[in-house]
Amino acid sequence: MKKAGIPDRIADDDDLLGRFKITLSEALAVSMDESEWKKFAVRYGLQDRILGHDRFLRSLQWSDPDHEGHILDLVELLSYSNVPALLDLFERPIVKRALKKRDPEILDIWENEADPVVTALSHSLGEVAAVSSVIDLKTHIERIEKALPGDPYLAVGATKDLLEAAMRTILTKRGHVDIQKLHFPELTSTCFNELGLSPQTPPATKGEGHIRKISSNAKKMIESANELRNLTGTGHGHVVGTEEELSAEDASLVASNGLILAAWLLKKAGP
């Protein structure tokens with residue numbers, strides 16, 4: 001079985017879960033004949049629920065309009081009582097083809113399950129971003145989540161945009177003007193200077209010295225995310241299809257670090 005269960009992104013979203021159940025039921029109605037239902041019933045011990053049902057097979061035989069409804073009842077039952085049986089139905093190629101015609105987005109969400117690290121971090125950042133009254137970071141966070149693992153290039157681009165939005169938020173709230181004119185490297189330096197993360201005086205203690213090194217490396221990571229976006233993205237004169245290869249795993253590393261850095265900067269700036 002390809003999946004051990006229903007992906008969390010679908011299972012935890014009532015709207016997506018409902019869409020999945022309905023679309024799967026519609027796909028099964030046009031894909032499963034009487035013989036397939038009988039074999040399925042025997043394999044999973046569902047003879048009473050399918051073969052013994054007074055309308056399930058009869059509605060199929062007579063092409064009655066209530067057949068989809070009986071399948072939906074079965075899908076609902078299996079979703080909490082026998083997930084392996086439900087997955088057996090879902091994984092059938094003929095069923096997937098029918099499902100794709102009806103709701104390709106659901107199939108795409110299922111097959112491109114969200115990166116668990118990015119998802120966990122995005123929820124934490126969402127709580128930080130919620131206090132911002134200047135720039136709504138939610139859109140950037142959602143773009144990163146939706147991009148992985150299917151579109152690593154978009155994930156890196158969205159991470160760069162997220163970091164840029166976080167830094168512009170901080171500078172705007174602190175009274176800086178014309179920040180839209182700042183290019184990314186200048187924006188980063190200005191933000192770090194504003195937060196006292198690039199002091200010119202010697203550190204007072206060894207501990208402070210190490211913290212400064214961490215801050216300096218954080219700045220380099222932010223700048224590197226922007227450079228990687230320029231290198232792998234389709235902007236800046238790059239021809240689509242000729243950009244450097246970027247794996248989903250590497251994009252996840254960039255995205256997860258970007259989420260941490262954005263949250264760190266916002267917390268450092270305070271309310």
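The paragraphs below set out a description of the structure included in this document. (Residues numbered from 1 in each chain as written. Predicted model: local features only at pLDDT ≥ 70, side-chain atom pairs only at ≥ 80, totals over all residues. Heavy atoms only, no water.)

1. Examining the overall build of the protein chain
Secondary structure assignment for the protein chain yields 15 helices and zero strands. Burial status across the protein chain gives 44% buried among its 271 residues. Taking as baseline every contact in the protein chain between residues at least 6 positions apart, the subset at least 24 positions apart corresponds to 65%. Roughly 14,600 Å² of accessible area belongs to the protein chain as shown, and the carbon and sulfur atoms make up 53% of that amount. (Helix = DSSP H or I, 4+ residues; strand = E, 2+ residues; numbered from the N terminus. Buried < 20%, exposed > 50% of the residue type's maximum accessible area, 1.4 Å probe, protein only. Contact = heavy atoms within 4.5 Å. Areas by Shrake-Rupley, 256 points an atom, 1.4 Å probe, with all protein chains shown as cover.)

2. Here we look at the side chain of Ser59
Summarising the element assignment, Ser59 is placed in helix 5 (residues 56-61). A relative accessible area of 0% places Ser59 in the buried class. At a separation of 2.9 Å, a polar atom in the side chain of Ser59 contacts the main-chain carbonyl oxygen of Phe56. (Polar contact = N/O pair within 3.5 Å; in protein donor to acceptor, adjacent residues only side chain to side chain.)

3. Focus on helix 6 (residues 67-81)
Helical geometry note: an α-helix holds 3.6 residues per turn, so side chains three or four residues apart project in the same direction. In this model helix 6 runs 21 Å from its N-terminal to its C-terminal C-alpha over 15 residues, within 8% of the 21 Å that 1.5 Å per residue would give. Taken together, the buried positions of helix 6 are His67, His70, Ile71, Leu74, Val75, Leu78 and Ser79. Among the structural elements, helix 2 (14-31), helix 3 (34-43), helix 4 (47-50), helix 5 and helix 7 (83-90) are those in contact with the buried residues of helix 6. (Expected span 1.5 Å × (residues − 1).)

4. Overview of a negative patch on the surface
The grouping of Asp8, Asp12, Asp13, Asp14 and Asp15 at the surface amounts to a negative patch. Within the fold, Asp12 resides in the loop between helix 1 (8-11) and helix 2. (Patch = residues over 30% accessible without salt bridge, like charges linked within 9 Å, V, L, I, M, F, W, Y side chains within 5 Å. Salt bridge = Lys/Arg side-chain N within 4 Å of Asp/Glu carboxyl O. Lys, Arg positive; Asp, Glu negative; His and termini not counted. Charge placed at Lys NZ, Arg CZ, Asp CG, Glu CD.)

5. Things to note about the packing of aromatic side chains
Counting across every chain of the model gives seven aromatic pairs. Here the aromatic rings of Trp37 and Phe40 are separated by 5.9 Å at their centres, their planes lie at 80°, and the arrangement is edge-to-face. Here the residue Trp37 and the residue Phe40 both occupy positions in helix 3, the gap between them amounting to three residues, near one helical turn. For the pair formed by Trp37 and Phe40, the shared burial category is buried. Through a chain of ring-to-ring contacts, the aromatic side chains of Trp37, Phe40, Tyr44 and Phe56 assemble into a single cluster. (Phe/Tyr/Trp six-rings, centres within 6.5 Å; stacked < 30°, edge-to-face > 60°.)

6. Examining the packing of helix 12 (residues 152-173) against helix 14 (residues 206-232)
At their nearest, the axes of helix 12 and helix 14 sit 9 Å apart, and the two run at 140° to each other. Here helix 14 runs oblique to helix 12, going by the angle between their axes. Crossing handedness for the pair helix 12 and helix 14: left-handed. Where helix 12 approaches helix 14, its residues Tyr153, Val156, Gly157, Lys160, Leu163 and Met167 are matched on the opposing element by Ile222, Ala225, Asn226, Leu228, Arg229 and Thr232. (Axes fitted to C-alpha atoms, helices over the stretch in contact; angles between N-to-C directions. Parallel < 35°, antiparallel > 145°, perpendicular 65-115°, else oblique. Left-handed = near helix turned anticlockwise from the far one by under 90°.)

7. Describing the pattern of salt bridges
On inspection of all chains with the given rule, the structure shows 17 salt bridges. Among the salt bridges present, the one from Arg92 reaches Glu36, with a minimum N-O distance of 3.0 Å. Taken as a pair, Arg92 in the loop between helix 7 and helix 8 (93-102) and Glu36 in helix 3 lie far apart in primary sequence, 56 residues in all. The class of Arg92 is buried, set by a relative accessible area of 17%. Judged by its relative accessible area of 25%, Glu36 is partly exposed. Measuring nitrogen to oxygen at the nearest pair gives 3.2 Å for the salt bridge that ties Glu194 to Arg174. Here Glu194 is found in helix 13 (residues 184-194), whereas its partner Arg174 is found in the loop between helix 12 and helix 13, with 20 residues between them in sequence. Taking relative accessible area as the criterion, Glu194 reaches 28% and is therefore assigned partly exposed. The exposure class assigned to Arg174 is partly exposed, which follows from its relative accessible area of 37%.

8. Considerations on the nonpolar core
Counting 35 residues, the largest nonpolar core has Phe20, Leu24, Leu28, Trp37, Phe40 and Ile50 as its most contacted members. Residue assignment for this core shows that the elements contributing at least two residues are helix 2, helix 3, helix 5, helix 6, helix 7, helix 8 and helix 9 (104-111). Looking at this core, the element that brings in the most residues is helix 2, giving seven residues. Residues within four places of Trp37 in sequence aside, it is in contact with Leu28, Met32, Ile50, Phe56, Leu57, Leu60, His67, Ile71, Leu74 and Leu89. (Core = buried A, V, L, I, M, F, W, Y, C linked by side-chain atoms within 4.5 Å.)

9. Observations concerning unusual backbone geometry
One non-glycine residue, Ser63, lies in the positive phi region at around 50°. Here Ser63 lies in the loop between helix 5 and helix 6. Phi is positive for Asp178, which is not a glycine, with a value near 55°.

10. Considering the side chain of Asp103
Examined against the element boundaries, Asp103 turns out to sit in the loop between helix 8 and helix 9. Here Asp103 falls in the buried class, since its relative accessible area comes to 10%. Ignoring anything within four residues of it in the chain, the contact list for Asp103 reads Arg19 and Thr23.

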